[in-house]
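For reference, the chains in residue letters:
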2 protein chains.
Amino acid sequence: MTPPALRAEGPAPGPRRRPGGRTARNRARVIDAVLAELAEHGYDGLTMETVAARAGVHRATVYRRWGDVGGLLADVLDAAGDDAWQPPDTGSLEGDLAALNHEIQDALTAQPPVVAALIAASFRSGKAEHAQRRLWEDRYARCEIIVSRAVLRGELPAGIDARRLLITATAPIYHQLVLLRTPPDPDLPDQAARTAALAASAGAFRSDEGDLK
Amino acid sequence: MTPPALRAEGPAPGPRRRPGGRTARNRARVIDAVLAELAEHGYDGLTMETVAARAGVHRATVYRRWGDVGGLLADVLDAAGDDAWQPPDTGSLEGDLAALNHEIQDALTAQPPVVAALIAASFRSGKAEHAQRRLWEDRYARCEIIVSRAVLRGELPAGIDARRLLITATAPIYHQLVLLRTPPDPDLPDQAARTAALAASAGAFRSDEGDLK
């Protein structure tokens, strides 16, 4: 859902940390520089020049490979999805959803607000928008195992629309923090998880729901 | 939730339509011009100059009264909330929530995409962000009567947290269309309403939920 692999601590990694030659090293440095600039100055302060200078990569290389600021942000988001993240496995549907919601809330309220800044940037750049959509699609796809496990445990019947259940559980966190911009509610991650689990127990999210009317 | 009063049909209203003197007429013309420009060119095409020209209002007046593009957008959003909108009253909790969700989905997918453009603009301008928050807060407050009516009808027990129920019902629509940007799902408004109503029947949204753990 969120990009836990995002780092913005600043210093460029050495070649030992990220093997793969100069191209890979340059990418790592540029991504770190974008995150650091975004954390410090937000989207409006993000330029190809400051990123190139901070990364220690030649401007011409940055322009050639990433094109523009949207290209930089899209690559940051693509890199964030290129990890081994798996959703929490707590032993129960409600527990998994709550743990997931806490991860999302933590990411959306982290300081510096890198994740929030990337979401905001997706309203400014078509490339960033597409990359953000790809990242979310990948995260929600990975989370479907939460529902499969609940079915295997007998917590849920088969034929549940996993994506709708996951959206119901997680959407309130994004809605409150990204759109309504209300202060973080420490109870919301658990409550939203419990609501989705209760609705599932009461018969929601059945794939054949449309036929029941 | 959404600003049903938004109009973007273009021509400035005559004095008969909106009484109140030149100041009120100028405001109406400027708001119509902002909506029309936003619909045609989006945020990036919105300037004080084009709005003034389209509205037929002197540039100096526009600058003095609205300050900048953020001020224009904030006034559009404030004007949208200055209406007599009330949530649908269909006779059942699930029906009210479904009708509300259809209104939201219609507004978010309307052409021209004025509501979507205003939400996107709230990521660009602090003034627009605050006005968008005020508008949503007002809309959600008006919607609480949906829950009160359900309690009066005996559909829900007393002590339900109305706002959390409303957020659960409506958040998936915003999440899918504004953040995940998936194509509109014609079944989603009804399904999300049904999910919230099922969860409520199963014991979610109780104001004392935190004490139950």
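Notes on the structure in this doc start here.

Quick notes on the rules
- Residues numbered from 1 in each chain as written.
- Chains lettered and ligands numbered in written order.
- Predicted model: local features only at pLDDT ≥ 70, side-chain atom pairs only at ≥ 80, totals over all residues.
- Heavy atoms only, no water.
- Contact = heavy atoms within 4.5 Å.
- Buried area = accessible area lost by both parts, 1.4 Å probe.
- Salt bridge = Lys/Arg side-chain N within 4 Å of Asp/Glu carboxyl O.
- Helix = DSSP H or I, 4+ residues; strand = E, 2+ residues; numbered from the N terminus.
- Phe/Tyr/Trp six-rings, centres within 6.5 Å; stacked < 30°, edge-to-face > 60°.
- Buried < 20%, exposed > 50% of the residue type's maximum accessible area, 1.4 Å probe, protein only.
- Lys NZ or Arg CZ within 6 Å of the ring centre and 35° of its normal.
- Least-squares fit on C-alpha atoms with pLDDT ≥ 70 in both.
- Core = buried A, V, L, I, M, F, W, Y, C linked by side-chain atoms within 4.5 Å.
- Polar contact = N/O pair within 3.5 Å; in protein donor to acceptor, adjacent residues only side chain to side chain.
- Arc of directions from axis to C-beta.
- Expected span 1.5 Å × (residues − 1).

## Examining the interface of chain A and chain B
Part 1 of the argument: Contact residues are listed per partner, giving 34 residues for chain A and 34 residues for chain B.
Part 2 of the argument: Both sides together, the interface formed by chain A and chain B hides about 3,500 Å², and carbon and sulfur atoms give 65% of it.
Part 3 of the argument: Per-residue buried area on chain A facing chain B is highest for Phe 123, Leu 179 and Arg 181 of chain A; these three make up 21% of the total on that side.
Part 4 of the argument: Across the contact surface, chain A and chain B share two salt bridges.
Part 5 of the argument: Mapped by element, the contributors of at least two residues to the side of chain A that touches chain B are α6 (114-121), α7 (126-152), α8 (162-179) and α9 (188-201) of chain A.

## With respect to the packing of aromatic side chains
Part 1 of the argument: All told, the structure shown has three aromatic pairs over all chains when counted by the stated rule.
Part 2 of the argument: With 4.2 Å between their ring centres and 10 degrees between their planes, Phe 123 of chain A and Phe 123 of chain B make a pair best called stacked. Of this pair, Phe 123 of chain A sits in the loop between α6 and α7 while Phe 123 of chain B sits in the loop between α6 (114-121) and α7 (126-152), which puts the two residues in different chains. Here Phe 123 of chain A matches Phe 123 of chain B in class, with each residue buried.
Part 3 of the argument: Look at Trp 136 of chain A and Tyr 174 of chain A: their rings are 5.5 Å apart centre to centre, the planes differ by 90 degrees, and that puts the pair in the edge-to-face class. Placement of the pair is Trp 136 of chain A in helix α7 and Tyr 174 of chain A in helix α8, with a sequence separation of 38 residues. Side by side, Trp 136 of chain A and Tyr 174 of chain A carry an identical accessibility label, which is buried.
Part 4 of the argument: Across from the ring centre of Phe 123 of chain B, 4.5 Å away, lies the NZ or CZ of Arg 181 of chain A, which sits over that ring.

## Thoughts on unusual backbone geometry
All names here are of chain A.
Part 1 of the argument: That bond from Gln 111 to Pro 112 is cis: its omega, -5 degrees, falls within 30 degrees of zero.
Part 2 of the argument: With respect to the helices, strands and loops of the structure, Pro 112 is situated in the loop between α5 (93-109) and α6.
Part 3 of the argument: One non-glycine residue with positive phi stands out, namely Phe 205, at about 70 degrees.
Part 4 of the argument: Inspection of the secondary structure puts Phe 205 in the segment after α9.

## Regarding the relation of the copies chain A and chain B
Part 1 of the argument: Mapping chain A onto chain B is achieved by rotating through 180 degrees and translating by 0.0 Å along the same axis, at an RMSD of 0.0 Å. Here the two chains are linked by the operation of a two-fold rotation axis. Taking the C-alpha atom as reference, chain A places Ala 199 of chain A closest to the rotation axis, 2.1 Å from it.

## Topic: the nonpolar core
Part 1 of the argument: Of all hydrophobic cores here, the largest spans 83 residues; its most connected members are Leu 97, Leu 108 and Leu 165 of chain A together with Leu 97, Leu 108 and Leu 165 of chain B.
Part 2 of the argument: Residues contacting Leu 108 of chain A, with those up to four places away along its chain left out, are Val 115, Ala 116, Ile 119, Ile 173, Tyr 174, Leu 177 and Val 178 of chain A.
Part 3 of the argument: Ala 33, Val 62, Val 114 and Leu 135 of chain B belong to the second-largest nonpolar core, a separate cluster that totals 29 residues.

## Concerning the side chain of Ser 125 of chain B
Residue and element names in this part refer to chain B.
Part 1 of the argument: Here Ser 125 is to be found in the loop between α6 and α7.
Part 2 of the argument: A distance of 3.3 Å separates a polar atom in the side chain of Ser 125 from the backbone nitrogen of Lys 127.
Part 3 of the argument: Of the polar contacts made by the side chain of Ser 125, one reaches the backbone nitrogen of Ala 128; its length is 3.0 Å.
Part 4 of the argument: Sequence-distant contacts of Ser 125, that is, excluding residues within four places in its chain, are made with Tyr 43 and Gly 70.

## Some points on the pattern of salt bridges
All names here are of chain B.
Part 1 of the argument: Per the counting criterion, the structure on display carries 38 salt bridges over all chains.
Part 2 of the argument: As a salt-bridge pair, Arg 54 and Glu 37 come within 2.8 Å of each other at their nearest N and O atoms. With Arg 54 in helix α2 (residues 48-55) and Glu 37 in helix α1 (residues 21-41), this residue pair connects regions lying 17 residues apart in the sequence.
Part 3 of the argument: A relative accessible area of 6% means that Glu 37 is categorised as buried.

## Observations concerning α2 of chain B
Residue and element names in this part refer to chain B.
Part 1 of the argument: For α2, the complete set of buried residues consists of Met 48, Val 51, Ala 52 and Ala 55. Considered in projection along α2, the buried side chains sweep an arc of 100 degrees and stay on one side of the axis.
Part 2 of the argument: Lining the buried residues of α2 we find α1, α3 (59-66) and α4 (69-81).
Part 3 of the argument: Immediately downstream of α2, the backbone of Gly 56 shows phi near 70 degrees, a positive value.

## Notes on helix α9 (residues 188-201) of chain B
Part 1 of the argument: With 14 residues, α9 of chain B should cover 20 Å at 1.5 Å per step; its first-to-last C-alpha distance of 20 Å lies within 8% of that length.
Part 2 of the argument: By the criterion of burial, α9 of chain B is predominantly enclosed, with twelve of the 14 residues buried.
Part 3 of the argument: Here α9 of chain B has its buried residues at Leu 188, Pro 189, Gln 191, Ala 192, Ala 193, Arg 194, Thr 195, Ala 196, Ala 197, Leu 198, Ala 199 and Ala 200 of chain B.
Part 4 of the argument: Packing partners of the buried residues in α9 of chain B comprise α8 and α9 of chain A together with α5 (93-109) and α8 (162-179) of chain B.
Part 5 of the argument: Residue Gly 203 of chain B follows α9 of chain B closely and has a positive phi angle near 110 degrees.

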